[in-house]
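Descriptive structure summary
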Amino acid sequence: MKTARLAAACLTLFTTAANAATATRGEFGALADGTKIEAVTLANDKGMSARIITLGATLQAVIVPDKNGRKEDVTLGYDKAQDYLTRPNYFGVSVGRYANRIAKASFVLDGKTYKLAANDGPNSLHGGTRGFDKRVWTIENVTSGPDARVTLSYISADGEEGFPGQLRATVTYTLNEQNELQVDYGATTSKPTVVNLTNHAYFNLSGNAARDVMGHLVTLKAERFTPVDPTLIPTGERRPVAGTPFDFRKPTAIGARIRDASNAQLRIGRGYDHNFIVDGKAGDMRTAAIVEDPVSGRVMEVRATAPGIQFYTGNFMDGTYFGKNNRAYRQGDALCLEPGTFPNAPNNPGFPSARLNPGQAYFNSMVFAFRTR
Ligand code: BGC
């Protein structure tokens, strides 16, 4: 009898430890048209949590302890679902069908020209007028322990926003006990198409966007980047970063060179808004970036399978967006590190291909790993 009780107690202990990270399903209000939005909160035993909402499969909050154990949000975003539609800024959203720009809002695939909406000057940006960020995704699966996980899906109709083929997109967010948040995008298509799915989290490691990110130290594992034309379309060149303000091979404060007006690329981007070519083999999970806030002691490492990573320093935020905690977001208040294929790849045969054929499985995986020092 005693033995049985002891065994039961051990089992309880074991199960509790093994099931440490939890995924909890809840509500996130409704859109103006009444559509209900759901949230799933992933939480571990180390004080880290992440909230994902069904609108845009958006990473709405990421709470991480600082060096003193203080838990604060390290992402920008909105408290209300409707704000993601009326004040779109792509905060934490899942971007698709094509993250970043497609030049002149058109591309040719197998001899046929596809026309997209020009929603960024002459170009198409982040999937068009109503991209995946503005769609309500379906929760497929929610699991707790040992890792906490949620999978969402979205079916994009053939021809939606001008893209060919019905695309079935999925994203899985996984939080483990090592303070690593993994984001896995997948897709299949009914016809040849182009695809580039990524997450557009705006990070500010100071916590609750207390300070701007100019003092954040950034390391980018990239020997080269892709310079852009005045409409932010890559020229096709793969330029070495050596000797330029784009050299982040050693940890460097974002603000150290961002105002260098002698650099034409910084002038065009109003700061950093460029695709860096991640060293190593695309398809392999490798470290792409490390960001450190020396004040809070928070460090974030970004690992990615993608060939490129868009480094954007929130240059277009102008103080008219009021986010979480009623905070106005201004230029330089956050940085984005968006792993993906290169901007405008559908029009550039020299870039890694964005093509997806029926029968193939697209994937783009990334890890945001947090620690302190
Ligand atoms: C682009 C920026 C754009 C921003 C919108 C980034 O991925 O590179 O040019 O302004 O997304 O949030």
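The text that follows walks through the structure, step by step, so that each part is easy to find. (Residues numbered from 1 in each chain as written. Predicted model: local features only at pLDDT ≥ 70, side-chain atom pairs only at ≥ 80, totals over all residues. Heavy atoms only, no water.)

1. Some points on the pairing of strand β3 (residues 49-53)
Threshold: Categorising residues by exposure relies on relative accessible area from a 1.4 Å probe, with only protein chains included: less than 20% of the type maximum marks a residue as buried, more than 50% marks it as exposed, and the intermediate range marks it as partly exposed. Under the DSSP-based scheme used, a helix requires at least four consecutive residues in state H or I and a strand at least two consecutive residues in state E, with every element numbered from the N terminus. Two strands form a pair only when DSSP identifies at least two bridges running between them.
Here β3 lies mainly inside the structure; 4 of its 5 residues are buried. Between strand β2 (residues 36-43) and β3, which pair antiparallel and follow one another directly, the connecting turn spans 5 residues, one of which, glycine 47, has a positive phi of 90 degrees. Taken together, the 5 bridges between β3 and strand β4 (residues 58-65) define a ladder with antiparallel strand orientation. For arginine 51, the partnering residue across the bridge sits in β4 and is alanine 61. Adjacent in sequence and paired antiparallel, β3 and β4 are bridged by 4 residues, among which glycine 56 carries a positive phi angle near 70 degrees.

2. Topic: the pairing of strand β9 (residues 112-115)
As paired strands, strand β8 (residues 106-109) and β9 are joined by 4 bridges and run antiparallel to one another. Counted as the bridge partner of phenylalanine 107 is tyrosine 114 from β9. What sits between the antiparallel neighbours β8 and β9 is a turn of 2 residues, in which aspartate 110 has the positive phi angle 50 degrees.

3. Here we look at the site of the ligand
As a reminder, the rule being used: Throughout this document, a residue counts as near a molecule or strand when at least one of its heavy atoms sits within 4 Å of that molecule or strand. The definition of a polar contact used here is a pair of N or O atoms within 3.5 Å, where within protein one atom must be able to donate a hydrogen and the other to accept one, and adjacent residues in sequence count solely through side-chain atom pairs. For accessible areas, the Shrake-Rupley method is used with a probe of radius 1.4 Å. Any residue's cover is judged against the shown protein chains and nothing else. Note that Gly is not counted as nonpolar here; it falls among the polar residues with everything else outside the nonpolar set of Ala, Val, Leu, Ile, Met, Phe, Trp, Tyr, Cys and Pro and the charged set of Asp, Glu, Lys and Arg.
The environment of the ligand is formed by Asn89, Tyr90, Asn100, Arg101, His126, His200, Tyr202, Asp273, Gln310, Tyr312, Phe316 and Glu338. Note that an oxygen atom of the ligand is positioned 2.8 Å from one of the side-chain N or O atoms of glutamate 338. Across the complex, the protein chains shield 95% of the 310 Å² of accessible surface that the ligand would expose by itself. The residue inventory of the shell around the ligand, partitioned by class, reads 4 nonpolar, 5 polar and 3 charged.

4. Some details on the side chain of asparagine 199
What counts, and what does not: By definition in these notes, contact holds between two residues if any of their heavy atoms fall within 4.5 Å.
Relative to the helices and strands, asparagine 199 is located in strand β16 (residues 198-199). A distance of 3.1 Å separates a polar side-chain atom of asparagine 199 from the backbone oxygen of glycine 92. In this structure the side chain of asparagine 199 is engaged in a polar contact, spanning 2.9 Å, whose partner is the backbone nitrogen of alanine 201. Here asparagine 199 is in contact with Leu59, Gly92, Val93, Ser94, Tyr173, Tyr185, Glu338 and Met366, once residues within four sequence places are set aside.

5. Overview of the sheet that holds β2
Quick reminder of the rule: Only the stretch in contact is used when a helix axis is fitted, and all axes are lines through C-alpha atoms; the angle between N-to-C directions ranges over 0 to 180 degrees.
Taken in spatial order, the 5 strands of this open sheet run β1-β2-β3-β4-β5, and their pairing is antiparallel. In the strand order of this sheet, the two ends are held by β1 (22-30) and β5 (71-73), each with one partner. Each strand axis lies, on average, 20 degrees off the axis of its neighbour in the sheet, ignoring direction. For β2 and β3, the ladder comprises 5 bridges, and the chain directions are antiparallel. Each residue of the ladder has a partner; that of valine 40, found in β3, is isoleucine 52.

6. A word on empty space enclosed by the protein
Under the convention used in this document: Put plainly, a pocket is an open set of points on a 1 Å grid over the protein atoms alone with protein on both sides within 12 Å along at least five of seven lines, a cavity is a set where a 1.4 Å probe fits but cannot get out, and a lining residue has an atom within 4 Å of a point. Grid points are joined across faces, edges and corners, and a volume is the space filled by probe spheres set on the points.
For the structure on display, the rule yields 3 cavities of 30 Å³ or more. If you add up the space inside the largest cavity, you get close to 70 Å³. Every residue lining the largest cavity is listed: Ala99, Asn100, Asn196, Thr198, Asn275, Gln310, Glu338, Pro339, Gly340, Thr341 and Pro343. Residues of the lining of the largest cavity, tallied by class, amount to 3 nonpolar, 7 polar and 1 charged.

7. Here's the deal with the sheet that holds strand β11 (residues 138-143)
If you trace the 9 strands from one edge of the open sheet to the other, you get β11-β12-β13-β14-β30-β24-β23-β18-β21, paired in antiparallel fashion. One side of each edge strand has no neighbouring strand; the edge strands of this open sheet are β11 and β21 (252-253). Bridge analysis of strand β13 (residues 167-175) against strand β14 (residues 180-189) gives 9 bridges, and the strand direction is antiparallel. For alanine 169, the partnering residue across the bridge sits in β14 and is alanine 187.

8. Observations regarding the environment of lysine 250
With respect to the helices and strands, the residue lysine 250 is situated in the loop between β20 (239-240) and β21. Overall, the relative accessible area of 64% leaves lysine 250 in the exposed class. C-alpha separation for the pair lysine 250 and methionine 366, spaced 116 residues apart in sequence, amounts to 21 Å.

9. Here we look at the pattern of salt bridges
A side chain with one charge can pair with a side chain of the opposite charge if their charged atoms come near. Inclusion rule: For this analysis, a salt bridge means a side-chain nitrogen from Lys or Arg found within 4 Å of a carboxyl oxygen belonging to Asp or Glu.
By the definition in use, this model includes 23 salt bridges. Notably, a salt bridge pairs arginine 70 with aspartate 66, separated by 4.0 Å at the nearest N-O pair. Taking the relative accessible area as the measure of exposure, arginine 70 reaches 53% and is therefore exposed. Between lysine 191 and aspartate 158 there is a salt bridge; the shortest N-O distance is 2.5 Å. Remark: aspartate 158 occurs in the loop between β12 (148-156) and β13 and lysine 191 occurs in the loop between β14 and β15 (193-194); sequence separation between them is 33 residues.

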